[in-house]
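Given next are the chains, with one letter for each unit.
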Amino acid sequence: MNKPYIICHMMMSIDGRIDCGMTAQIPGNNTYYEALDKIDAPTRISGKVTAATELTDGDLFKAQDATPIGHEAFKKNSNSNKFEIVTDTHGTLLWRNDHDAIKPHLILMSEQASQEYVDYLNKQGISWIATGKNRIDLTRAMKILADEFNIERVAIVGGGKINGGFLQAGLIDEVSLVMGPAVDGRINQPGLFDGRTENEKPVKLKLETVQKFDDGSLWLRYLV
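A brief report on the enclosed structure follows.

Details of the sheet that holds strand E10 (residues 218-223)
Read from one edge of the open sheet, 10 strands run E3-E6-E5-E4-E2-E7-E1-E8-E10-E9, paired in mixed fashion. Each of the sheet's edge strands pairs with one partner strand only, and the pair in question is strand E3 (73-75) and strand E9 (206-212). Averaged over neighbouring strand pairs, the angle between their axes works out to 20° when direction is ignored. Across three bridges, the pairing between strand E2 (residues 43-46) and strand E4 (residues 84-87) is parallel. Its bridge partner lying in E4, Arg 44 is registered against Glu 84.

Observations regarding the pattern of salt bridges
A pair can form between side chains of opposite charge whenever their charged atoms are brought close. With the rule as written, the count across this model stands at 10 salt bridges. A salt bridge links Asp 173 to Lys 3; its shortest N-O distance comes to 2.5 Å. One end of the pair, Asp 173, is in the loop between helix H6 (160-168) and strand E8 (174-179); the other, Lys 3, is in the segment before strand E1 (5-12), with 170 residues separating them in the sequence. Classification of Asp 173 by relative accessible area gives partly exposed; the value is 23%. Between Glu 111 and Lys 133 there is a salt bridge, with its nearest N and O atoms 3.2 Å apart. With Glu 111 in the loop between strand E5 (105-109) and helix H4 (115-124) and Lys 133 in the loop between strand E6 (127-130) and helix H5 (138-149), this pair connects stretches of sequence that are 22 residues apart. We classify Glu 111 as buried; its relative accessible area is 6%. Accessibility expressed as a relative area gives 56% for Lys 133, which makes it exposed. Within this structure, Asp 19, Asp 184 and Arg 186 form a network of salt bridges that share partners.

Some details on the packing of aromatic side chains
In total, this model carries six aromatic pairs according to the counting rule given. Judged by centre distance (4.9 Å) and plane angle (85°), the rings of Tyr 32 and Tyr 33 are edge-to-face. With relative accessibility at 10%, the residue Tyr 32 sits in the buried group. Ring geometry for Phe 83 versus Phe 149: centroids 5.9 Å apart, planes at 80°, classification edge-to-face. Here Phe 149 lies in helix H5 and Phe 83 lies in the loop between E3 and E4, a separation of 66 residues in the sequence.

About the criteria used
Residues numbered from 1 in each chain as written. Predicted model: local features only at pLDDT ≥ 70, side-chain atom pairs only at ≥ 80, totals over all residues. Heavy atoms only, no water. Pairing = 2+ DSSP bridges. Helix = DSSP H or I, 4+ residues; strand = E, 2+ residues; numbered from the N terminus. Axes fitted to C-alpha atoms, helices over the stretch in contact; angles between N-to-C directions. Salt bridge = Lys/Arg side-chain N within 4 Å of Asp/Glu carboxyl O. Buried < 20%, exposed > 50% of the residue type's maximum accessible area, 1.4 Å probe, protein only. Phe/Tyr/Trp six-rings, centres within 6.5 Å; stacked < 30°, edge-to-face > 60°.

Take a look at the structure:
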């Protein structure tokens with residue numbers, strides 16, 4: 001299947017926690033962003049929760065008519081070859097106008113998103129892909145991203161659930177981890193990968209490189 005080369009790039013404490021508020025406080029935070037530039041994946045994917053706090057004002061779209069799209073569709077509203085991609089299954093986040101954006105957004109949705117929301121995205125100049133009856137079909141979305149948007153490399157920079165979803169779908173080619181020399185240890189904090197069922201077997205990785213930095217952080221790269 002044609003798809004972009006997909007790298008899951010994350011920062012974590014040594015106990016595998018990825019809460020952004022926590023990782024921002026520990027050594028390795030600058031290394032994370034430097035490594036993100038080095039992996040050469042200008043198109044990046046975030047989950048809805050991350051996007052709501054970091055990419056939008058947090059306001060929600062309220063459709064007057066919730067009639068869903070009901071079929072697979074997409075629209076490229078920009079000629080860019082790099083995007084800030086956000087998974088938003090039902091189409092709920094509000095966005096600023098994207099017509100003159102240097103790095104425009106692209107929203108991944110299921111076919112349950114409303115036609116009214118799609119019309120809103122088109123008005124804002126925001127590209128979108130809708131695929132999957134009740135949840136986003138990540139495999140189809142990545143094929144459309146490669147075939148129709150000409151995207152060759154993607155970095156997933158979201159949370160544990162989106163990481164787990166891509167892992168479960170067999171779409172991740174590489175895991176790139178910056179490990180900060182700190183322990184979180186708080187209960188109920190997000191982990192690197194989440195959402196797989198209890199009967200799943202571990203996904204084995206092949207270690208490619210290890211780099212050590214003066215602040216005590218490590219950059220680990222694995223092939224899946």
